[in-house]
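Structural overview
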Amino acid sequence: MNGAPSFFELGVEDADKARSFYGDLFGWNLPPGPSEGGYRINTPTIPGGVHGGDSGASPYIFFQVDDMDWALLRVQQLGGTVQEADLGGDEESVAKYGRFKLCVDNQGSPFGLHQPPAQPAS
């Protein structure tokens, strides 16, 4: 299991306002993203995203894993929980962006797991 931060997500009420705010603050170009009405964030180091309709949310950080199913089992074995919602979207989105899952550690702190998309065989 890698564990390196691999993705972050900003949950906000209004994705368009967030696009303007963070774009102006950091000089980010935020093209449309995979979530409806959301945007991708392309930083020099870690990719991210913005989604709307999430009033009162805070940033989510996702840690990279090589095997999502194993990682989810391990979270539960260690006393954490896995949220039911599957954030990966449809098969095309998973192939392009990978699998995402929200979890809570054994002390109540939320975090995410990200299994990047499989690399095509060369």
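Residues numbered from 1 in each chain as written. Predicted model: local features only at pLDDT ≥ 70, side-chain atom pairs only at ≥ 80, totals over all residues. Heavy atoms only, no water.

Some remarks on the nonpolar core
One broad rule of soluble globular proteins: the nonpolar side chains tend to lie buried together. Phe8, Leu10, Val12, Ala15, Ala18, Trp28, Leu30, Tyr39, Ile41 and Val50 together form the largest nonpolar core, which totals ten residues. Among the secondary structure elements, those contributing two or more residues to this core are strand S1 (5–11), helix H1 (15–26) and strand S2 (39–41). If we skip the residues at most four places from it in the chain, Val50 touches Glu9, Leu10, Val12, Ala15, Ala18, Leu30, Ser35, Gly38, Tyr39 and Ile41. (Core = buried A, V, L, I, M, F, W, Y, C linked by side-chain atoms within 4.5 Å. Buried < 20%, exposed > 50% of the residue type's maximum accessible area, 1.4 Å probe, protein only. Helix = DSSP H or I, 4+ residues; strand = E, 2+ residues; numbered from the N terminus. Contact = heavy atoms within 4.5 Å.)

Points about the packing of aromatic side chains
Enumeration over the complete set of coordinates arrives at nine aromatic pairs. Relative to Phe111, the ring of Phe63 has its centre 6.3 Å away and its plane inclined at 55°; by these criteria the two rings are tilted. Of the two residues, Phe63 is situated in strand S4 (residues 60–64) and Phe111 in strand S7 (residues 110–115); the sequence distance between them amounts to 48 residues. Taken together, the ring pairs in this structure connect Phe8, Phe21, Tyr22, Phe26 and Trp28 into an aromatic cluster. (Phe/Tyr/Trp six-rings, centres within 6.5 Å; stacked < 30°, edge-to-face > 60°.)

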